[in-house]
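Descriptive analysis of the structure
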Amino acid sequence: MAVLRTLGSVKKDLDRSAATHLNEHPDGHIFASLPRSGQVSAAQILAEWGDSRDAFDGPDAIAALAGIAPVTKASGKHHAVSYRWACNKRFRQALVTFADNSRHESPWAADIYQRARARGMDHPHAIRVLARAWVRVIYRCWLNHEPYRPELHGGAARFNATLAA
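This is a predicted model, so every value here is computed, not measured.

1. Concerning the nonpolar core
What tends to happen in soluble globular proteins is that the nonpolar side chains get buried as a cluster. Counting residues in hydrophobic clusters, the biggest one holds 40 residues, and the most contacted among them are Phe31, Ile45, Trp49, Ile68, Leu95 and Trp134. Residue assignment for this core shows that the elements contributing at least two residues are α2 (28-32), α3 (39-49), α4 (59-66), α5 (89-102), α6 (107-118) and α7 (123-144). With 12 residues, the single largest contributor to this core is α7. Setting aside its immediate chain neighbours within four residues, isoleucine 45 contacts Phe31, Phe91, Ala94, Leu95 and Phe98.

Below, the structure is given as C-alpha cells:
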C-alpha cells in the first residue's frame, strides 16, 4: 500500500511540474487553448511535438511521426492501406487522448468523429481520423504562434454556420 501511495504522490508531482513548465513554454498557450486539452495532456502533446518549426515540412509529417496517418502501399495492381506501427507511440497516445476528449466540447470535432463512425470505422480508427484533423489545425496555430480560436478555424466556422442555418 505504501508503494501505491508513493507512486500516486510522484504522479501528482509530475503533473504539477508538467503544468508549470507548460505555462513557462513560449508555445504553451497554443496547446493549452485546445478544447478539453487540460494542462497535462497539452504538456504531453507539446513535449512530443517540440518547438522546432524547421523540423516538419507540414502537418502530414507530424501525423506520420505520431502514427495517426495510415501507411499506403501500392505496387502495380496492388493497393493496401494499413495501421502505422512504426511511430512515436507516446505522441500518438497524447494526440488520440486529446482528440477523444475534444469531441465532447467541440461540435466540429464531434461531427468529424460521427462522420467517420458513419463510414463504418471503429472507435479507435475514428479517433485517429479526428486526431489527424486536429493536427492540421494545431499546425497552423503553431506556425502562426497563435492560440486556437474556433471562430477563426475555417472548418469549425463552416460547421457552425450550417448549424445556424
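2. Let's talk about unusual backbone geometry
If a residue is not glycine, its phi is most likely negative; likewise, a peptide bond is most likely trans. The phi angle at arginine 36 is positive, at roughly 60°, despite the residue not being glycine. Relative to the elements of secondary structure, arginine 36 occurs in the loop between α2 and α3. Of the residues examined, arginine 36 reaches a relative accessible area of 42% and is grouped as partly exposed. If you check the backbone angles, histidine 145 has positive phi at about 60° while not being a glycine.

Calculation notes
- Residues numbered from 1 in each chain as written.
- Predicted model: local features only at pLDDT ≥ 70, side-chain atom pairs only at ≥ 80, totals over all residues.
- Heavy atoms only, no water.
- Core = buried A, V, L, I, M, F, W, Y, C linked by side-chain atoms within 4.5 Å.
- Buried < 20%, exposed > 50% of the residue type's maximum accessible area, 1.4 Å probe, protein only.
- Helix = DSSP H or I, 4+ residues; strand = E, 2+ residues; numbered from the N terminus.
- Contact = heavy atoms within 4.5 Å.

Note that all results are geometric; they support no functional claim without further evidence.
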